[in-house]
Amino acid sequence: MRTYILLAGALCAALPPLLAAQDTTKTRSLTLDVGLVNASGNSEFMSANFGEKLTWARKSKWTVTQAAKFLYGETDGARTTESYDLLLRGDRTLSSRVAGFAFAAYQRDPFAGLASRWSGGPGVAWRMVQAARDTVGLDAAITAQSERSTAAVERSFGAAAYA
């Protein structure tokens, strides 16, 4: 199970040297999302979140995306929410509307009963509508999942994912 995840991670890690050997025209973009809520009244509530997405793209049709999201919350001094999501994805454009990709992801959400979830695998992205300001697409992947619940139940399985 973890072999697939390690293979997807190794593929994503090997992409930057491959990109460097090709075209030198590149694009980088960074998106940040930060939030803080602190309220009091009948109870005290604090919630903080941080998200980021970093994308490297080459004219040679390779794109590498790294993303992370963190959420934390407290009510009356007790932790009431905690969530972590990490993603590493490498895409190769095959045509103007189709791309192949490999990804590795990690999730943790103890309040949903999820101590850890590792997933990864290959997939295909299809841009169904591609206009100057709008894009509608479909991503489909075959994934290997390995998860452990907060009750220490471990399981591994294959899955299909789409977005």
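In what follows, the structure referred to is the one given above.
If you're wondering where the values come from, they're calculated on a predicted model, not measured in any experiment.

Draft legend 1. Quick look at the side chain of Ser-47. Mapping Ser-47 onto the fold places it in strand 2 (residues 44–58). Classification of Ser-47 as buried rests on a relative accessible area of 15%. Discounting chain neighbours no more than four positions away, the residues touching Ser-47 are Gly-35, Leu-36, Val-37, Leu-71, Tyr-72 and Gly-73.

Draft legend 2. A look at the pairing of strand 6 (residues 114–130). By the bridge criterion, 11 bridges tie strand 5 (residues 98–109) to strand 6 in an arrangement that is antiparallel. Within strand 6, the position partnered with Ala-102 by the bridge is Pro-122. Between the antiparallel neighbours strand 5 and strand 6 lie 4 residues, among them Gly-113 with a positive phi of about 85°. Pairing geometry for strand 6 and strand 7 (residues 135–149), over 13 bridges, is antiparallel. Looking at the pairing, Val-129 lines up with Val-136 of strand 7. Hairpin connection from strand 6 to strand 7: 4 residues lie between these consecutive antiparallel strands.

Conventions adopted
- Residues numbered from 1 in each chain as written.
- Predicted model: local features only at pLDDT ≥ 70, side-chain atom pairs only at ≥ 80, totals over all residues.
- Heavy atoms only, no water.
- Helix = DSSP H or I, 4+ residues; strand = E, 2+ residues; numbered from the N terminus.
- Buried < 20%, exposed > 50% of the residue type's maximum accessible area, 1.4 Å probe, protein only.
- Contact = heavy atoms within 4.5 Å.
- Pairing = 2+ DSSP bridges.

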